[in-house]
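Commentary on secondary and tertiary structure
Chain by chain, the residues run as shown.
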Amino acid sequence: MTRSTEATPSSQAGEPVVNPRKGKIVLAHGGGGQLTDELIAEVIRPRLDNPILSELDDSAVLPAEAGRLAFTTDSYVVQPLEFPGGDIGRLAVCGTVNDLAVCGADPRHISLGLILEEGLEIDLLKRVLDSAAAAAKEAGVQIVTGDTKVVGRGQADGMYINTAGLGMIRKNVKLGLDRIQPGDAVIVSGQIADHGLAVMLQREEQTGIASTLKSDVAPLNRMIGALFDRVAESVVFMRDATRGGLAGVLSDLAERSGHHLTVDEAMIPIRQETRYAAEMLGLDPLDVANEGKVVVVVRPEAAEPALEALRKDRWGTEAATIGYFECERDGLCELITEVGGRRIIQKPYGEELPRIC
Amino acid sequence: MTTPREQMDALLGWLVETAARLSGPVCFMEVCGTHTVNACRSGVHSLMPENVRLVSGPGCPVCVTAQRYIDALIELGRREEVVLATYGDMIRVAGAGGSLELARSEGAEVRVVTSTLEAVEMARNEPARQVVFAAVGFETTAPATAAAVLAAQKLNLDNFTILPCHKLVIPAMRTLLADPEINIDGFLCPGHVSVIIGAEAYREVVEQYGKGCVIAGFEPLQIMDGVLHLAQQAAAGEPKLENLYPEVVSDEGNPRARALIEQVFVPGDAAWRALGVMKGSGLDLKPEYARFDAFRRFGISMGEDHDPPGCRCGEVITGRITPEQCGLFGSTCTPVYPIGPCMVSSEGSCQAWFKYRRNEMKRKNGPAGHCEVPT
């Protein structure tokens, strides 16, 4: 808690709270009355429309299928709301889709809860919703239910998004850390650390650091689907390398499987520009978040066909095998560094890059 | 073009050959935390021949900051009108009554800045608040603090002060050398401090104490090259001053930065964590800038140190022990729940060892069970 809490202008005496012509979100947009209806009818629904959403009931009513469901939820608080390569809308859809896909599910339906700050530009909201809709289309999922709340100025940074997602688990897929064996190969689906650094550099813009780095935020379900189509039985485990970066996933794989994992730094795909940016900000690119990269553990004989399948997708062209599980049962992930030294990959503490997703 | 791995292999080949000519084991000190961290992170330590040992030194500003200083910061942070501006690394260092992170969660206004001028700007924009900058670091950061004080003077700000805690590298090295228990054969000297103080600053260490000083950059290959030169000096029995970073470090240093320090500060006694108060090892504000001294402005003083029981950070930063020899290391003291400052700081030896070198420690305890890899 900070010592001084700014009073919301709406609570101050005599201030008009509703002025839709200004093109800004006001508290009444979240009040459930006429302005809410107007916002839904004019801004939200035209962008996200589909037969299920357009019912506008309190719940989305979905067809049920036999099988297993995957269900996930996530919240998005990224700053700034728009960054090179994406925005909070695309991030929310892709993040939810990817969380389902890495569990072996085909993502189907997602929800979108908007928490808007009083004063938010409605044009910005429109751009974010357009972007969320485009990402949903790209992923082949429907946004079937939603909610909008407005909080006073100073109580949220522009907007937050909460999502939930539903997907059907593919039939021939069995994933689990307990399936990891010595010899299994670890694949990363492309160049790392672009998202976290693109967001960071956007924030640092006023300090004059120019960069063309873009976030890698992307829906990976089609790529992952193609991988399963090719080598489903040989895929042992999968995780998207978001917060905590590649280091977070790799150290977790070793720790939770109990096996020693050896990774070769020279094999990890990374753009030269990303590497420089990380160096400049004093960050280890392994610790930096991605929003369009998945780490896949496969049986060794399936590594090559898995790479072929991944590389055929636009988001997986740079996929590479970066390491193997070993016999030792010490639960450590060891990196053979670029200069041939050895060191541990440790899970990041978690505060180096706040508010990146 | 040769790859970094091939270049490292070549350097390592020479080092192994040189090490074979040494009459006994040698111990070199990484004076600076950045050297320690980069050597850990790139695995350079794991490549060392058995008779060449690298130990950490007192060059991490967070690690050498006395607990009593943190306590003073927290005391200031509790005041309603005060905004504490600090470099991010200081946030989690524990004083007797918790850390700045804890104080912030309890309502203190603690803001992380990446430059001193940001803190000055804050004071300018918020005239009703008292902005106090936690002025820590060696000669590398002292010029920026001096610039901030001068800027505050020019703007005639009466709501900007610093809590001075700057340290000087050479007096610290002198103290280490005067301690008969500390056995160091040479120093790997830090690139960035040397940019300011100049290569010649180490001359006295070589001439008066007969210890080699090699100034090296922070890349893994540069670190290895530095160690190789120290080993060659040791093998030849000829301690020298060598500057392997001449494109950045000159003999006389950066006169403008030094002039800034000299304009605003005078050398004074400073309290170092675990090393106690060392004469002339810190920087005090000159009398004409005393109004920017937070100790004076707020009438506070530093109390006593009560270092956490069992914590051996002091021995770590003087190269007496390596981090894993401390009983708290990795058990009760980890980067998530740090006890000593060497585990808090991203430049601290303990954190670097914990993050990057636990593989070696496990190996020391014997190999894990073997199995067949099914391929």
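Parameters at a glance
Residues numbered from 1 in each chain as written. Chains lettered and ligands numbered in written order. Predicted model: local features only at pLDDT ≥ 70, side-chain atom pairs only at ≥ 80, totals over all residues. Helix = DSSP H or I, 4+ residues; strand = E, 2+ residues; numbered from the N terminus. Rg over C-alpha atoms; globule rule 2.2 N^0.38 Å. Buried ≥ 20, exposed ≤ 12 C-beta atoms within 10 Å, placed from the backbone. Pairing = 2+ DSSP bridges. Axes fitted to C-alpha atoms, helices over the stretch in contact; angles between N-to-C directions. Contact = placed C-beta atoms within 7 Å. Right-handed = clockwise from strand over helix to strand, strands pointing away. Domains from an automatic or database assignment. Core = buried A, V, L, I, M, F, W, Y, C linked by C-beta atoms within 7 Å. Parallel < 35°, antiparallel > 145°, perpendicular 65-115°, else oblique. Left-handed = near helix turned anticlockwise from the far one by under 90°. Nonpolar A, V, L, I, M, F, W, Y, C, P; charged D, E, K, R; others polar.

Turning our eyes to something else, we now look at the overall build of chain B. Each helix and strand counted, chain B has 17 helices and 11 strands in total. Taken over C-alpha atoms, the radius of gyration comes to 22 Å for chain B, in line with the 21 Å a tight globule of 375 residues would show. Seen through its C-alpha atoms, chain B measures out along the principal axes to roughly 65 × 50 × 45 Å. Expressed as a percentage of its 375 residues, the buried residues of chain B come to 53%.

Across its full length, chain A holds 8 helices and 13 strands. Its C-alpha atoms give chain A a radius of gyration of 22 Å, within 12% of the compact-globule value 21 Å for 357 residues. Along the three orthogonal principal directions, the C-alpha set of chain A runs to about 70 × 55 × 35 Å. In chain A, which comprises 357 residues, the share counted as buried stands at 50%.

This brings us to the sheet that holds strand 4 (residues 105-117) of chain A. Residues and elements named next belong to chain A. If you walk across this open sheet you meet the 4 strands as 1-6-4-5, and the pairing is mixed. Pairing within the sheet leaves two strands with one partner each, and these edge strands are strand 1 (69-76) and strand 5 (142-151). On average, each strand axis in the sheet is inclined to that of its neighbour by 15 degrees, with strand direction left out of account. In this structure, strand 4 lies alongside strand 6 (residues 159-169), joined through 11 bridges in antiparallel fashion. Each bridged residue has a counterpart across the sheet, and for His109 the counterpart in strand 6 is Leu166. Lying on the sheet, helix 2 (residues 88-101) is in contact with strand 1, strand 4 and strand 6; it crosses strand 1 at an angle near 150 degrees.

Residue and element names in this part refer to chain B. Judged by pairing direction, the sheet is parallel, and its 4 strands sit side by side in the order 4-3-5-6 without closing on themselves. Taken across any chain shown, the strands that pair with only one partner, and hence form the sheet edges, are strand 4 (109-112) and strand 6 (160-166). Each adjacent strand pair in this sheet contributes to an overall mean axis angle of 25 degrees, direction not counted. Pairing between strand 3 (residues 82-86) and strand 5 (residues 130-137): 4 bridges, direction parallel. Within strand 5, the position partnered with Val83 by the bridge is Val131. Set on the sheet, helix 4 (residues 67-77) makes contact with strand 3, strand 4, strand 5 and strand 6; between it and strand 3 the angle comes to about 140 degrees. Against the sheet, helix 7 (residues 142-154) contacts strand 5 and strand 6, and its axis sits at roughly 160 degrees relative to strand 6.

The next subject is the pairing of strand 4 of chain B. Residues and elements named next belong to chain B. Pairing of strand 3 with strand 4, which is carried by 4 bridges, proceeds in the parallel orientation. Bridging from a neighbouring strand, Leu84 pairs with Val110 of strand 4. A crossover links strand 3 with its parallel partner strand 4, the connecting element being helix 5 (residues 100-105), and its sense is right-handed.

Before going further, it helps to spend a moment on the domain arrangement of chain B. How big an interface is tends to be stated in terms of the accessible area lost upon association of its parts. Residues and elements named next belong to chain B. With domains assigned, chain B is organised as domain 1 (22-312) and domain 2 (313-353). Averaged C-alpha coordinates put domain 1 and domain 2 at centres separated by 17 Å. Listed per partner, the contact involves 29 residues of domain 1 and 26 residues of domain 2. Of all the secondary-structure elements, those providing two or more residues to the side of domain 1 that touches domain 2 are helix 2 (33-41) and strand 2 (52-59).

This part takes up the environment of B:Phe138. Residues and elements named next belong to chain B. As for its position among the elements, Phe138 is in the loop between strand 5 and helix 7. When the C-alpha atoms of Phe138 and Lys167 are compared, they prove to be 4.8 Å apart, with 29 residues separating the residues in sequence. Not counting chain neighbours up to four residues away, the residues in contact with Phe138 comprise Gly59, Pro61, Lys167, Leu168, Val169 and Val193.

Looking now at helix 4 of chain B. Residues and elements named next belong to chain B. Of all 11 residues making up helix 4, 9 are buried, and the element is well covered by its neighbours. Along helix 4, the positions that sit buried rather than exposed are Gln67, Tyr69, Ile70, Asp71, Ala72, Leu73, Ile74, Leu76 and Gly77. Here the buried face of helix 4 lies against strand 3, helix 5, strand 4, strand 5, strand 6 and helix 13 (294-297).

Core analysis: the largest hydrophobic core is formed by 226 residues, its most contacted members being B:Leu84 and B:Val227. If sequence neighbours within four positions are ignored, B:Leu84 has contacts with B:Leu73, B:Leu76, B:Gly77, B:Leu100, B:Ala108, B:Glu109, B:Val110, B:Arg111, B:Val132 and B:Ala134.

This part takes up the pairing of strand 8 (residues 212-216) of chain B. Residues and elements named next belong to chain B. Counting buried positions along strand 8 yields 5 of 5 residues, so the element is predominantly enclosed. Side chains Gly212, Val214 and Ala216 of strand 8 all project onto a buried face; the interleaved residues Cys213 and Ile215 project onto the opposite face, where all are buried too. As judged from the 5 bridges shared by strand 7 (residues 186-190) and strand 8, these two strands associate in the parallel manner. Within the sheet, the bridge partner assigned to Gly186 lies in strand 8 and is Gly212.

All names here are of chain B. The N-to-C vectors of helix 6 (residues 116-125) and helix 7 enclose an angle of 25 degrees; their axes lie 8 Å apart at closest approach. Comparing their axes, helix 7 and helix 6 come out roughly parallel. The way helix 6 lies across helix 7 gives a crossing that is right-handed. Between helix 6 and helix 7, the contacting residues are Thr116, Leu117, Ala119, Val120 and Ala123 on the first element and Ala144, Thr145, Ala147, Ala148, Ala151 and Ala152 on the second. Of the residues that constitute the contact of helix 6 with helix 7, the class distribution is 9 nonpolar, 2 polar and no charged.

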